[in-house]
Amino acid sequence: MQKLVEISGLSVRHGNLTALEDVNLDIYADDFIGVIGPNGGGKSTLVKSIVGLQEYEGRITLAPELEGGHRIGYLPQINNFDKQFPISVEELILSGLQASKGLCGRYRKEDRARAASLAEQVGIAHLLRRTIGGLSGGELQRALLCRAIINEPRLLILDEPANFVDNHFEKELYDILERLSKEMAVVVVSHDVGTITSVVRSIVCVNRTVHRHATAELTAELLENYHCPIQVVFHDDIPHTVLPRHDHSHHHHDSHHTH
Ligand SMILES: Nc1ncnc2c1ncn2[C@@H]1O[C@H](COP(=O)(O)OP(=O)(O)OP(=O)(O)O)[C@@H](O)[C@H]1O
Ligand SMILES: [Mg+2]
């Protein structure tokens, strides 16, 4: 299977803080990876490094067709800044084509049709003309998903796509990702370990260091041995409940509670 990304000896420092230390990770064309870990563990830093938005030490080698960000779809973790661009939902979705078109490329009729079709699939067709400033979190998240996939990427990276979306769309979202994972490598950051482990094929635990496991081999002990500060309760081998462990957290963030 083709290797799309090779990460070796990756470290990221912010002043005195080491966000990632000596990370080695390969991503293959048929991968469907869930990225888990505590707040501040370095998940966003890791995916930003891959998409070229983060300075780092070490080496990240992309397959030739991914060079320059072509064919990498990326859905960033939402922050308030994102909504301040005065563009319409349609323009936001179409901006996912810019990596391959360049900034002055014009959108074709087919591009607009594809944007409309994607919007339709995620239930925001009625919002195409709206500016993104007034969108709810869930609506913006859906639009960002369309932007991430409009370029038919070989590698799709989503940073907490289930944030802000309601339970109904969350289920649909994972169905969509499952479908997409048959055509492209998918990497999805999530706090909902119970749900994500039932969807993806491998889990990458990020807590300054990074460890990868096949979902099938995932056990509570394994997570603990690798200092993944997450406790998973297994019922019939299905990860069921996730409780944050507070003892060796060195961060001040509130932990997420998932039941
Ligand atoms: N630009 C920055 N300047 C200083 N510190 C930063 C910067 N970006 C990230 N960090 C720090 O690096 C660490 C890793 O952050 P990162 O956003 O990767 O965590 P995360 O695992 O995505 O967390 P969350 O679950 O909250 O999204 C955190 O301690 C964060 O405060
Ligand atoms: Mg993050």
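Residues numbered from 1 in each chain as written. Chains lettered and ligands numbered in written order. Predicted model: local features only at pLDDT ≥ 70, side-chain atom pairs only at ≥ 80, totals over all residues. Heavy atoms only, no water.

**Quick look at the coordination of the magnesium ion (ligand 2)**
In the first shell of the magnesium ion (ligand 2), the protein supplies Ser44 (OG) and Gln77 (OE1), at 2.0 to 2.2 Å from the metal. With serine 44 in helix 1 (residues 43-51) and glutamine 77 in the loop between strand 5 (72-75) and helix 2 (89-94), the pair connects residues that are 33 residues apart, well separated along the chain. (Donors = N, O, S within 2.8 Å, 3.2 Å for Na, K, Ca; no water. Helix = DSSP H or I, 4+ residues; strand = E, 2+ residues; numbered from the N terminus.)

**Some details on unusual backbone geometry**
The phi dihedral of aspartate 22 is positive, around 50 degrees, even though this residue is not glycine. Counting through the fold element by element, aspartate 22 comes out in strand 2 (residues 17-28). With phi around 70 degrees, arginine 208 is a residue other than glycine that occupies positive phi space. On the basis of relative accessibility, which here comes to 34%, the residue arginine 208 falls in the partly exposed class. (Buried < 20%, exposed > 50% of the residue type's maximum accessible area, 1.4 Å probe, protein only.)

**Notes on the nonpolar core**
Counting 45 residues, the largest nonpolar core has Val89, Ile93, Ile124, Leu156, Leu158 and Leu177 as the members making the most contacts within it. For this core, the element with the most residues is helix 5 (residues 137-149), which contributes seven residues. Lining this core are residues from two domains, each supplying at least three of them: domain 1 (1-71 + 153-259) and domain 2 (80-152). Among residues more than four places away in sequence, those in contact with valine 89 are Ile124, Leu127, Leu128, Arg130, Ile132, Leu135 and Ala143. One finds Leu4, Ala185, Val187 and Val189 within the second-largest nonpolar core, a separate group that totals 31 residues. (Core = buried A, V, L, I, M, F, W, Y, C linked by side-chain atoms within 4.5 Å. Domains from an automatic or database assignment. Contact = heavy atoms within 4.5 Å.)

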